[in-house]
Every structure is written in C-alpha cells, then in structure tokens.
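# Structural overview
This is what each chain is made of:
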Amino acid sequence: MMAPEMQNAIIRVRDISVQFGTTKVLDGLNLDVKRGEILGFVGPSGAGKSVLTRTIIGLVPKISGRIEVFGIDLDAADAAARRGVERRWGILFQQGALFSSLTVRQNIQFPVREYLNVSQRLLDEITVAKLGMVGLRPEVADRFPSELSGGMVKRVALARALALDPELVFLDEPTSGLDPIGAGDFDELVRTLQRTLGLTVFMVTHDLDSLYTACDRIAVLGNGKIIAAGSMADMQASQHPWLRAYFHGKRARAVMG
Amino acid sequence: MNGDPTLERIARGNGLALCAAGSWTARFAPVLEQIVADAEKLTGSRPNIFIDVSQVSKLDTFGAWLIERLRRSLTQGGVEAKIAGLSANYSSLVDEVRRVKTAPAFDTTSVTVAGMLEQVGRSMAGIGATMVGLIDMLGAVLAASGRVMIHPRGFRLTSTVHHLEQVCWRAVPIVVLITFLIGCIISQQGIFHFRKFGADIFVVDMLGVLVLREIGVLLVAIMVAGRSGSAYTAELGSMKMREEIDALRTMGFDPIEVLILPRMLALIIALPILAFLGAIAALYGGGLVAWLYGGVDPEAFLLRLRDAISIDHFTVGIIKAPVMAAVIGIVACVEGLAVQGSAESLGQHTTSSVVKGIFLVIVMDGVFAIFFASIGM
C-alpha cells in the first residue's frame, strides 16, 4: 500500500528546473496537488504556467527534479507504468487540440477505443453521455471540429479529456476565448464534474472569476518558482507586489463586487 | 485494489434483487457490458426487479451508464425496475446519466450502385468546377498585375525576392543534380543502342534536341511542381485554416496582390532560369558519358553539337518555361485557397496540387509540340 501522504498528494513536483536555450523558465519549483481539489494556477503571461503543465505531462524535458503522479515517479516508470498513468489523466489543451480530420464522436471515442475493448453501442452511448455532461446536444456528434464554435471546441475537448473517466484533469486556460456567461457555465461545469466524478483538477487560468468560483486552492508562479499557494483569502492577504496588483486591481475589485 | 465487478441474482418473494458489487469502472467495461447484457435477458421473468448498488466500491460514468441502461431495458420489457442503495457520492453521477437520451442511431452510409454512380457524376462536375476555378484565378491574377502596373507602389518586391530565393536559388542544387544524371542516362542508352549501327556520334544530336526542346524544361517543371507547387499550396492552405487570409482581407489588402502575385512572379522568373541551368547540366552530363563511355572526345562533341542544334531548339524549350510556371502557380494557389478546416483537407489539396500541376504541365507540353510543329520551329 502507498503511504497516506502519498495518497493525499496526487501530483508531487520536487525541485524541477526547465531551461530553453539559456533562459531558465522554471527554477527549482515545488508543488503539491491534493486529491480531489481544484487547483487554480496563475501567474503573469510568459511566466511558464503552460511550461509547468507540459513538463508534468511529459511534453517538455526538464533538466533536473522529480515528478510523481499518483505516487509513481514518471522518470523511473517503465513504458507500461507510464501508459497506466496516462490512462488515468485527461488533458484539455489551450486550443482544444481536437483531431481535425475526425468528427466529434470519433474524437471522444478515440482514447476509449484505444484502451478498452467495448462494443460500438456502448461507445456511442458513452459519447452521448459525455456530450451531455459537458452541456452539448447529441446532434453535434457528427460535426467536424472546424464546424464548431470556440466554446463548443473547448467543451468537446473537455469531453474527450473525460472520455476514460480520469482521476486527474489538466485544464490549460479552459475559459480563455469564452464569453463571460460561457466561462461562468464552464466553471460551474468543472465544479459539477469534480463533485460527481471525484476529479482532481489542475487548472491554468487567467480568469479571476474562475479563481473565485471554481478553485479550492490557488498557486502563483513567478520567477520560475511558486511564490504563493493557498486559499483565496491567503492570496488577498499577501503583500507580494504582483499578488497585490493581481488580486486588488481594478478587475479584481469588479469581480468581488 | 478493488474487486472485479459482479451482479448477483437473489430471489426476493415474487421479485428479484440484482446485487452489484466490486468496481464498476471503465477498466472493467468489457466485463460489465457482458454482465449487463446477460441481466437484460431477465426481462419478463419477474414483475419487479431491484438493482441494489450498495455494495459497489467504485463507480464512474461507464458503470453508472451501464446500470442505467439495465434499468431502462428492464423497464422497457415491462418490468418494474428500481435502483436502490445508492450512496450519496454517486447519486449525482447517476442523476447525470439518467438525463442522457438514448443514443440516436448514427447513420452509416452503405455502398450502393446509385451511390457509386452519384460519385462518378460528382467527380465529373468537379472537373468542370476545377477548370472554372483555374480560369477564375488566372483572371484574378491578371487583374491584380494590371493594378500593380498602374500603381507600382502596390508591388511587393521583398516578398517576391524572398520567394525567388525559395523556389529558384534553393532549387538549383537538386535540379542540376537530377538533370545531370538524366543527361548521363540518355547519353549512355543512346551510345549503347546507336553503336550497333556504328552511329555513335548521332547520340549528340539526340541529346541536344531532346534536352533543349523537351526533357530539360519538362523535367524541371515537374520537379518545381513537386517542390514549390506543393509548398505554395501548404502555405496558403494553412494560412487559410488560421484565418490569416480573412485577416488580410479585413485590413483592406487583396490576398491575390499580397500573397499570390509575388509567388506567381517568382515562379515565372525561376522556371526559365532553372530550365536553362538544367539543360546545361544535362548536356554536360551527356557529354561526360559520351567521352568516358563512348569515346567521343569533348572537342568532337562540341563540334557535332554546334551542327546538330540551332537556336530554334533552345527557344522552343525556353518559351514553354514561363507558361508552365504560370500553370503550376495557378493550380497551387487555387488548391491552397480551397483548403477547409482540417489537416486532412490540407493534405488532400497539397496532393491534388502536385497531381494536377504535373498533369497540366504535360498537357501544355503536348499543345506546344503541336503548335511549334505547325509553325515549323
């Protein structure tokens, strides 16, 4: 059995550094994501939020450090263990990254078909169920990604990320490019899914509304490190200049009312 | 970690309880499907059935949906089916899947004779549409060049030079190498067969006429269609996909003038230059092989070449080059602008750009052959 604290932290990032050419993007960064929480991840543009996400999921090589997901060290894991981990997480990319030559239905079924040997009937039913969960009607199933609106692309991408019922989802700016009502619905959706499916959510965002309404905990990235992590109240109490500007700026006041 | 899923049947009076246990999750989906399919056959055996899920250790969308599917098919069979023992954690998930409407039958189009005939008809109509599209683009390009001639400030010199570097300067090594090799092969084959008649020296006539009139320009045009035509289609196609062309239009620029005219012009300048270099490389290669393999020394080769070919042969070849360039360019641009949203569409149009480009180049070559023959060149 795993140690209790291992079970508690679903992602453990220790001392990771990432370098592009001579610029150090992440510099000895530490971060824990607890099971069942929605972690909002913020920071100035270009601070490396997406880089951290991509490093955790293994798309960007790191020069040092250690990453554990579900208590498995991803560097030490063999191919089979890695595949096991990949099956238990879902990723929503910033631009959706839907396969443009497949229909919505094929996009959602793609990972399921790959990992599970189930009948076409169950696949179709699950597709409709997932589309329903993300608030889309079954009719969109036979459309191609180029025929969808921006908001629908994000929803379909979320449905694909959820296709295998993952325990952990990474959302990279899920509400960017959505209208405020759509963004609000999306936050609500993430909350609902987290409750119903018991998800852990790692959400990179710029959206203050999302931070207020959807997130349990917030982590702030700056200078390649986590400069603060905690609840919304902790963030507002912080004296760090960037945090003050971010959480007490004009837009933040508008959100808080 | 968690036990395999099971569904036990326990008789309860005149009813039946189905006790689900273990983890009803995606991992066990194939097993679960079988279990549920078996349980669905119970329809009609009892008037009421309880589905007891209190022993389920783990539930996700797959499991919840299969339980819901079981409930629905039992209900449809006239059995009173109820789900019982749902824990609070999972009730919202089950509520969620309960709202799912039964999957509409996704229609799959079957292959029929009528369907195949329809396809043939559509592709014939498609050929007509392609021709219209090409003529349309030719007109648009001519109109744009007219506008540029009236207002020379609208001409994009930097862009033209950039494309000239891409399609001309960077193409020189590969074009020269391939035409050189083809020249060698023609010469070797010629000598091999002509030697039987003691007519070795006539290989120079054949090489000169063939390379200057036909092979030089045709080969280079085919290479350029594959190399630059495809690049144009892919560039314009991905710009179309990312709405860059729409952006240009809304800023008041004409995409034909900004994107297509410089490309066309670069190609029209490049192809004669490449054809000329290609012809020289082929003659050089042919001469080299004639010397080393056929024993025709360079002086004799040059003397014979001077007698065998006239300036007409060279002119015939080089006149064709810009026309072929225009054909390749127009096909590539039309295909590029026809790209739809998907990566697959980009691939299809790039393929058809090269295929149509090469086809039309060969057709043009035939038309030119008839034309030059009738004017006696």
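Structure first, text after, so check above.
The sections below set out a description of the structure shown in this document. (Residues numbered from 1 in each chain as written. Chains lettered and ligands numbered in written order. Predicted model: local features only at pLDDT ≥ 70, side-chain atom pairs only at ≥ 80, totals over all residues. Heavy atoms only, no water.)

Take the overall build of chain A next. Check the secondary structure of chain A and you find 11 helices and 10 strands. The C-alpha radius of gyration computed for chain A amounts to 18 Å, which stays within 12% of the reference 18 Å derived for 257 residues, consistent with globular compactness. Its C-alpha atoms give chain A principal-axis dimensions of roughly 55 × 45 × 40 Å. A burial count over chain A gives 53% of its 257 residues as buried. Across chain A, every contact between residues at least 6 apart in sequence was considered, and the portion connecting residues at least 24 apart equals 66%. (Helix = DSSP H or I, 4+ residues; strand = E, 2+ residues; numbered from the N terminus. Rg over C-alpha atoms; globule rule 2.2 N^0.38 Å. Buried < 20%, exposed > 50% of the residue type's maximum accessible area, 1.4 Å probe, protein only. Contact = heavy atoms within 4.5 Å.)

Here the focus is a nonpolar patch on the surface. Residue and element names in this part refer to chain B. Together, Phe155, Leu157, Val161, Leu265, Ile269, Ile273, Phe276, Leu277 and Ile280 make up a nonpolar patch on the protein surface, roughly 710 Å² of accessible area in all. Counting only elements with at least two residues in the nonpolar patch, the list comes to α5 (157-167) and α9 (255-292). Top element by residues in the nonpolar patch is α9. It accounts for 6 residues. (Patch = residues over 30% accessible without salt bridge, like charges linked within 9 Å, V, L, I, M, F, W, Y side chains within 5 Å. Areas by Shrake-Rupley, 256 points an atom, 1.4 Å probe, with all protein chains shown as cover. Salt bridge = Lys/Arg side-chain N within 4 Å of Asp/Glu carboxyl O.)

Further remarks concern the packing of helix α11 (residues 311-337) of chain B against helix α12 (residues 343-374) of chain B. All names here are of chain B. One can describe the packing of α11 onto α12 by two numbers: an axis separation of 9 Å at closest approach and a directional angle of 150°. Relative to α12, α11 is oriented roughly antiparallel. Considering how the two elements wind past one another, α11 and α12 form a crossing that is right-handed. Contacts between α11 and α12 pair Val316, Ile319, Lys320, Val323, Met324, Val327, Ile328, Val331, Ala332 and Glu335 from the former with His349, Ser352, Ser353, Lys356, Gly357, Leu360, Val361, Met364, Asp365, Phe368 and Phe372 from the latter. Here the residues of the contact of α11 with α12 sort into 13 nonpolar, 4 polar and 4 charged. (Axes fitted to C-alpha atoms, helices over the stretch in contact; angles between N-to-C directions. Parallel < 35°, antiparallel > 145°, perpendicular 65-115°, else oblique. Left-handed = near helix turned anticlockwise from the far one by under 90°. Nonpolar A, V, L, I, M, F, W, Y, C, P; charged D, E, K, R; others polar.)

With that settled, consider the interface of chain B and chain A. With 25 residues of chain B at the interface, the matching set in chain A holds 29 residues. When the shortest N-O distance is used, the salt bridge between Arg69(B) and Glu125(A) registers 2.7 Å. Linking chain B with chain A are 6 residue pairs in polar contact (both at pLDDT 80 or more), by the criterion used here. Looking at the side of chain B that touches chain A, the elements with two or more residues in it are α1 (29-40), α2 (61-76), α3 (88-98) and α12 of chain B. For the side of chain B that touches chain A, the class distribution of residues is 12 nonpolar, 5 polar and 8 charged. (Polar contact = N/O pair within 3.5 Å; in protein donor to acceptor, adjacent residues only side chain to side chain.)

Now for the sheet that holds strand β3 (residues 48-59) of chain B. Residues and elements named next belong to chain B. Read across the open sheet, the 4 strands follow the order β1-β2-β3-β4; overall the sheet is mixed. Here the strands that pair on one side only, and so sit at the sheet edges, are β1 (6-12) and β4 (80-84). When strand polarity is set aside, the average angle formed by the axes of neighbouring strands in this sheet is 20°. The sheet contact formed by β3 and β4 spans 5 bridges and is parallel. Residue pairing across strands places Phe50 opposite Lys82, the latter belonging to β4. (Pairing = 2+ DSSP bridges.)

These figures come from the coordinates and say nothing about function on their own.
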